[in-house]
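# Observations on the model geometry
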Amino acid sequence: MRLPLARVRTFLLEVPRQGKLAYCLLRDPQIPLAPKLALGAALAVVASPIKLPGWIPVAGELDSLALGILAVKVFVDACPDHLVQEHQAALKRGESLFDQDLSGVTEQVQRTASEVYGRWTERAAELPNRLVEDRSA
């Protein structure tokens, strides 16, 4: 059975969108705890080094990726529609919790990289002086 390229492309684009949406919904305090715990448990099963045995109906046969995607889909479906729509709109505008957190992490990485680069350039600039001092000593 061959998958049409359009369906594969849609799937590959939809998975990151759903992941971002699930991240935003997890961070939303208005979302009930039960769906959050269910998603956490499912993702723990995916990340666990202990794999489900094949004798467990359906779950034992699912690939980890499929189980993760299914868990995110079920989580999003379990969240209140108005909150899902709010977060989807924020994602489209680039103003979601995911975008804010990603921006904060990116800024921190840039600051750290700049500081490390600054230290390296200072040490590199001092290196000729150290070599001269070591030779004269």
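What you see is a predicted model, and the numbers here were worked out from it, not measured in a lab. (Residues numbered from 1 in each chain as written. Predicted model: local features only at pLDDT ≥ 70, side-chain atom pairs only at ≥ 80, totals over all residues. Heavy atoms only, no water.)

Leu25, Ile31, Phe75, Val76, Cys79 and Val84 are the most contacted members of the largest nonpolar core, which totals 13 residues. Listing elements by their share of this core, those giving two or more residues are α1 (5-27), α2 (33-47), α3 (64-78) and α4 (81-93). The element best represented in this core is α3, accounting for four residues. Those residues in contact with Val84 that sit more than four places away from it in its chain are Leu21, Leu25, Val76 and Cys79. (Core = buried A, V, L, I, M, F, W, Y, C linked by side-chain atoms within 4.5 Å. Buried < 20%, exposed > 50% of the residue type's maximum accessible area, 1.4 Å probe, protein only. Helix = DSSP H or I, 4+ residues; strand = E, 2+ residues; numbered from the N terminus. Contact = heavy atoms within 4.5 Å.)

Put simply, the largest pocket is a space of about 210 Å³. Every residue along the wall of the largest pocket is listed here: Glu14, Arg17, Gln18, Lys20, Leu21, Gln88, Leu91, Lys92 and Asp99. Listed by contribution, the elements that provide at least two residues to the lining of the largest pocket are α1 and α4. Looking at the lining of the largest pocket element by element, the count peaks at five residues for α1. Counted by class, the lining of the largest pocket contains two nonpolar, two polar and five charged residues. (1 Å grid on protein atoms, 1.4 Å probe; cavity = no way out; pocket = protein on both sides within 12 Å on 5 of 7 lines; lining within 4 Å. Points joined across faces, edges and corners; volume = space filled by probe spheres on them. Nonpolar A, V, L, I, M, F, W, Y, C, P; charged D, E, K, R; others polar.)

What follows concerns the packing of aromatic side chains. Each aromatic ring pair is summarised here by two numbers: the centre-to-centre distance and the angle between the ring planes. Summed over all chains, the structure comprises one aromatic pair. Taking the centre distance of 5.7 Å and the plane angle of 85 degrees together, the rings of Tyr23 and Phe98 count as edge-to-face. Here Phe98 lies in helix α5 (residues 97-136) and Tyr23 lies in helix α1, a separation of 75 residues in the sequence. For Tyr23, a relative accessible area of 31% gives the class partly exposed. (Phe/Tyr/Trp six-rings, centres within 6.5 Å; stacked < 30°, edge-to-face > 60°.)

A few words now on α4. Taking 1.5 Å as the rise per residue, α4 with 13 residues should run 18 Å; its terminal C-alpha atoms sit 18 Å apart, in good agreement. Within α4 the residues assigned to the buried category are Leu83, Val84, His87 and Ala90. The arc enclosing the buried residues of α4, seen along the axis, measures out at 130 degrees, which places them on a common side. For α4, the exposed residues lying more than 90 degrees away from the buried face are Asp81, Gln85, Lys92 and Arg93. Backbone geometry just downstream of α4 places Gly94 in the positive-phi region, at approximately 80 degrees. (Expected span 1.5 Å × (residues − 1). Arc of directions from axis to C-beta.)

Everything listed is a geometric property; what it means functionally is a separate question.
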